[in-house]
Amino acid sequence: MDPIAKFIRDPVVIFAGDGRIIEMNRAARARFGDSGDSWRQLFADLDGLQNLLERASGSADPVLGALRLAGAPAAEAEAKVEALALRREGAIDYAIKLRDAAGDQFAALTAQVRELNGEISVRRRVQAELEESLAHNKVLYRELQHRTKNHLQMILALVSSAGRESDDPGRKQFVKMLQSKLAALFDAQRLMYAEDAGNGLRVDQMLSALAETVQTLAGVRIAIEVRAEPIVAPNDLAFPLALIANELLTNAVKYADGPAAAVSLSFVRLGDEAVLTVRDNGPGFTPSASGPSSSGLGLVRGLCRQIGGQFTVQSDDGAVAVVSFPLAEATHALS
Amino acid sequence: MSLDHLEIDLERDMFLRTLLRELSGALQDVVGLEEASGYISVVGAAVGKALDEKYRAALAVDRLSADQVAQVLVDLKQRIKGDFYIVEQREDRIVFASNSCPFGTFVAGRPALCMMTSNVFGHVAGENLGYARVQIDKAIARGDPGCHVTVYLTPREGEGEAREYFRRVRPDLADC
């Protein structure tokens, strides 16, 4: 055997033109044994072997092919081989080398990579499913917002209608109070839908809209000045805040006094807290007062508890109501 | 909506050439140029065998002469828009040149595809004349402006990078 073939780690077998095995290197003997001297000892497919050797005879270079090995299970893939025609003194012998016959030398690594690839495939599929589900849920959520807004608007219209149809002053006042609260919720909901704000909405825009609504519902011409920082608050904070601001503004408009009646609202961030201040130039506020108007302040206190806030009222050339509350992590200022 | 009016450079030939370019590129990337050339040689030899049989049948001859081999190789390349022509023909060699590849611009960076030419030329010449040694001196696939291919018809030792081809012999293994 050519000494070079002895260096080759893959099995190399040399045949004569009639199929007799002339020589095998060490790897081939280890793989096939050395008891026989026919190609049948190695390969199962006569036609395939003849085709391969015929192709090899037409070239001076090794040709690639695949052959079924003797005794290999039917389900096993054919072995990859290279065949080379050896021209010697007018006759042709053939060398066949089994490629990668030693098997995968990095079997553990290959298995690990295969396993990782499988895991990546699963994760990608799950991610795709989640993304699709998220997109679907977004559509549903938006649809829900839309319906909520419409229902609120409808309830608001029904309440307004009930107020108009009644001659009872007490009932009219109750309807007006109810209308005001619903309008605050409607404003917040409308903004949320308009901005497609799934995670929160702009408090400054919400407060401006509320001020306009309160002004309209009050039916009196009172200037309401709004100065609010552009802060985005999560929905579970924005809705209580809308109701609080509505109560405070409604009270302020109600008690603002004289032809120069004025109400101001400010909303600022101070460190980790936000401070909502509503001020009017009315007669000031007596905390011990009770009656219909104090039920609104009760609502404010209840809502403050809900958002972890603090509510104080004092007199300073009019009533000054201050609500401070911690800003949640989801709350952020617009840069 | 019909998109017939869009100016997209796509028809069957373009699609198949793109497919071939990407396949050969993937092969070169995965197994390397040398191994890819080996695989494409298998295809080239099979194509060469089929074309050789077609031409011999059409010319009604058992074997092509050297002149016929030269004409057949030019003809088959021209039929597939290879624009090959004979630069020189002598007893021991036929020299071909071309300014355009059948694969067009898709061959750039795919030198493994040159094995199609080498094997088709080598198989047709080797099968009919007994021996052929194909040397691709210049190739568009390697960045040359044109192709230059020499088919030697007599054995020589160690000249350039050439591949040798012989008339095939089918061994009879049945009795062993």
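Since this is a predicted model, take the numbers as computed values, not measurements.

Overview of the overall build of chain A
Right, on to step 1. A tally of helices and strands in chain A yields eight helices and 13 strands.
Right, on to step 2. Within chain A, the fraction of its 335 residues that count as buried is 29%.
Right, on to step 3. For chain A, restricting intrachain contacts to residue pairs at least 6 apart in sequence, the fraction spanning at least 24 positions comes to 61%.

Some words on the overall build of chain B
Right, on to step 1. The helix and strand tally for chain B stands at four helices and five strands.
Right, on to step 2. In sequence order, the secondary structure elements of chain B are arranged as α-α-α-β-β-α-β-β-β.
Right, on to step 3. Taking the contacts inside chain B whose residues are at least 6 apart along the sequence as the reference set, 60% of them involve residues at least 24 apart.

Examining the sheet that holds strand β3 (residues 131-138) of chain B
All names here are of chain B.
Right, on to step 1. Strand order in the open sheet formed by five strands is β1-β2-β4-β3-β5, and the pairing between neighbours is antiparallel. This sheet does not close on itself; its edge strands, each paired only once, are β1 (84-90) and β5 (162-166). In this sheet, neighbouring strand axes are inclined to one another by 20° on average, regardless of whether the strands run parallel or antiparallel.
Right, on to step 2. Along the sheet, helix α4 (residues 114-129) contacts β3, β4 (147-152) and β5; its crossing angle with β3, the most-contacted strand, is approximately 155°.

Quick word on the pairing of β4 of chain B
Residues and elements named next belong to chain B.
Right, on to step 1. Along β4, five of the six residues are buried, which leaves the element largely enclosed by surrounding structure.
Right, on to step 2. Bridge count between strand β2 (residues 93-98) and β4: six bridges; the pairing is antiparallel. Each bridged residue has a counterpart across the sheet, and for S98 the counterpart in β4 is C147.
Right, on to step 3. Sheet topology places β3 next to β4; five bridges connect them, and they run antiparallel. Bridge assignment links I136 to a residue of β4, and that residue is V149.

Regarding the interface of chain A and chain B
Right, on to step 1. Of the residues lining the interface, 20 residues belong to chain A; the matching set on chain B comes to 20 residues.
Right, on to step 2. Breaking the side of chain A that touches chain B down by element, the ones donating at least two residues are α3 (46-57) and β3 (63-67) of chain A.
Right, on to step 3. Element by element, the count of residues in the side of chain A that touches chain B is highest for α3 of chain A, at seven residues.
Right, on to step 4. Of the residues contributing to the side of chain A that touches chain B, the split by class is eight nonpolar, seven polar and five charged.

So, the sheet that holds strand β11 (residues 310-315) of chain A
Residues and elements named next belong to chain A.
Right, on to step 1. The mixed open sheet is built from five strands, whose spatial order is β7-β9-β10-β12-β11. Each having just a single partner strand, β7 (223-228) and β11 make up the two edges of the open sheet. Sheet twist, expressed as the mean angle between neighbouring strand axes with direction ignored, is 10°.
Right, on to step 2. Pairing geometry for strand β10 (residues 273-280) and strand β12 (residues 319-326), over seven bridges, is antiparallel. Residue pairing for β12: A274 is matched across the bridge by F325.

What about unusual backbone geometry?
Right, on to step 1. Notably, D317 of chain A is not glycine yet its phi reads approximately 55°, a positive angle.
Right, on to step 2. Structurally, the position occupied by D317 of chain A is in the loop between β11 and β12.
Right, on to step 3. Notably, K81 of chain B is not glycine yet its phi reads approximately 65°, a positive angle.
Right, on to step 4. Looking at the secondary structure, you find K81 of chain B in the loop between α3 (66-79) and β1.

Some thoughts on the packing of helix α1 (residues 12-31) of chain B against helix α2 (residues 33-59) of chain B
Residue and element names in this part refer to chain B.
Right, on to step 1. One way to put it is that α1 packs onto α2 with a least axis distance of 7 Å and a crossing angle of 135°. Taken together, α1 and α2 sit at an angle that is classed as oblique. Crossing handedness for the pair α1 and α2: right-handed. On α2, the residues that touch S24, L27, Q28 and V31 of α1 are L33, E35, A36, Y39 and I40.

Describing the packing of helix α6 (residues 203-218) of chain A against helix α7 (residues 235-255) of chain A
Residue and element names in this part refer to chain A.
Right, on to step 1. Contact geometry for α6 and α7: axes closest at 10 Å, N-to-C directions at 40°. Regarding α6 and α7, the two cross each other, and that crossing is right-handed. Together, V203, M206, L207, L210, A211, V214 and A218 of α6 and A238, L241, A242, A245, N246, L249, T250 and V253 of α7 make up the contact between the two elements.
Right, on to step 2. Residues of the contact of α6 with α7, tallied by class, amount to 13 nonpolar, two polar and no charged.

Some remarks on helix α5 (residues 169-194) of chain A
Right, on to step 1. Taking 1.5 Å per residue, 26 residues should reach 38 Å; α5 of chain A reaches 36 Å between its end C-alpha atoms and fits that length.
Right, on to step 2. Looking at α5 of chain A, one finds that the buried residues are Q179, S180, A183, A184, F186, D187, A188, Q189, L191 and M192 of chain A.

Scoring rules and cut-offs
Residues numbered from 1 in each chain as written. Chains lettered and ligands numbered in written order. Predicted model: local features only at pLDDT ≥ 70, side-chain atom pairs only at ≥ 80, totals over all residues. Helix = DSSP H or I, 4+ residues; strand = E, 2+ residues; numbered from the N terminus. Buried ≥ 20, exposed ≤ 12 C-beta atoms within 10 Å, placed from the backbone. Contact = placed C-beta atoms within 7 Å. Pairing = 2+ DSSP bridges. Axes fitted to C-alpha atoms, helices over the stretch in contact; angles between N-to-C directions. Nonpolar A, V, L, I, M, F, W, Y, C, P; charged D, E, K, R; others polar. Parallel < 35°, antiparallel > 145°, perpendicular 65-115°, else oblique. Left-handed = near helix turned anticlockwise from the far one by under 90°. Expected span 1.5 Å × (residues − 1).

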